[in-house]
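Listed below are the residues making up each chain.
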Amino acid sequence: LTELEYPIYFLDFETVAVSAPLFDGTWPWKKMPFQYSIHKLDEDGTLEHFEFLHEEFSDPSESLANQLVKDVGDKGSVVVYHKTMESGVLDKLAEWFPHHAPSLRSMDSRIWDLEVVFKDHYRHWNFGSRSSIKVVLPTLVPELSYEDEEISEGGFASLAWIEMFETDDAAVRRQISDALLSYCKLDTIAMVELLKHIQGVLKDSS
């Protein structure tokens, strides 16, 4: 925990990858990030939320990268849950868009993986041998739950993003968009609350 530096950016991506390329210039199983949520926590406790969802049926990677470098500053820790995902996305974005590479590689170098805490340092009988946020969150922060979310898993989010463009019904598209935004936002506020829980436990035990 002493490695964390403020402001802290809690970051989560949603991606899509399919066998048949969806857009010109893409290839089979290209993992394209189409959405992110960020909660920014300042040292004084101020919390801000930023979000992005690509709502056009086109390769979302560049528009997402353009907005991401605006929303994440060049200082402060970038907290993720299971860093393989977010680090991989940042690495590919830096490769595809060299003009953003310094900012994107800076974010990658500042990643702090919250899941490591629950793999190596904090155990609860309810976790079993697992450390997934879907297991940890309801145990430690029961007031937050994925059960009430219309979309509750990353694979469903990918399918929902594609389905959003398969209908001409504006109300259905809005419903899917709202569900995607709500799900991704929950991922990052969950990390905020889990970090607060851990800090509270340490404070109480000191």
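Keep in mind the model is a prediction, meaning the values are calculated, not measured.

Enquirer: Whenever I open this one, the layout of surface pockets confuses me. Can you help?
Expert: A water-sized probe, rolled over the atoms, reveals where empty space remains. Approximately 390 Å³ is the volume attributed to the largest pocket. Along the wall of the largest pocket there are 19 residues; nearest its centre are Asp12, Tyr81, Lys134, Tyr183 and Asp187. At the level of secondary structure, the elements contributing two or more residues to the lining of the largest pocket comprise strand E1 (8-16), helix H2 (83-96), helix H5 (133-140), helix H6 (154-163) and helix H7 (170-205). A total of 4 residues in the lining of the largest pocket trace back to one element, the largest contributor, which is E1.

Enquirer: Would you mind showing me how to read the side chain of histidine 39 here?
Expert: The residue histidine 39 is located in strand E2 (residues 32-41) in this model. On the basis of relative accessibility, which here comes to 4%, the residue histidine 39 falls in the buried class. Looking at histidine 39, its side chain comes within polar contact range of the side chain of threonine 188, at 2.8 Å. Residues within four places of histidine 39 in sequence aside, it is in contact with Ile8, Tyr9, Phe10, Leu47, Glu48, His49, Lys185, Thr188, Ile189 and Val192.

Enquirer: Would you mind showing me how to read the sheet that holds strand E4 (residues 78-80) here?
Expert: The strands making up a sheet are joined through hydrogen bonds of the backbone, oriented either antiparallel or parallel. The 5 strands are arranged E3-E2-E1-E4-E5 in an open sheet whose pairing can be described as mixed. Each having just a single partner strand, strand E3 (47-53) and strand E5 (111-113) make up the two edges of the open sheet. Taken over all neighbouring pairs, the strand axes of this sheet differ in orientation by 25° on average, direction set aside. One ladder, built from 9 bridges, connects E1 with E2; its direction is antiparallel. Within E2, the residue paired with leucine 11 across the bridge is isoleucine 38. Along the sheet face, helix H1 (residues 61-71) touches E1, E2 and E3 and points at about 10° away from the line of E2. Its contacts with the sheet put H2 on E1, E2, E4 and E5, and the angle it makes with E1 is roughly 75°.

About the criteria used
Residues numbered from 1 in each chain as written. Predicted model: local features only at pLDDT ≥ 70, side-chain atom pairs only at ≥ 80, totals over all residues. Heavy atoms only, no water. 1 Å grid on protein atoms, 1.4 Å probe; cavity = no way out; pocket = protein on both sides within 12 Å on 5 of 7 lines; lining within 4 Å. Points joined across faces, edges and corners; volume = space filled by probe spheres on them. Helix = DSSP H or I, 4+ residues; strand = E, 2+ residues; numbered from the N terminus. Buried < 20%, exposed > 50% of the residue type's maximum accessible area, 1.4 Å probe, protein only. Polar contact = N/O pair within 3.5 Å; in protein donor to acceptor, adjacent residues only side chain to side chain. Contact = heavy atoms within 4.5 Å. Pairing = 2+ DSSP bridges. Axes fitted to C-alpha atoms, helices over the stretch in contact; angles between N-to-C directions.

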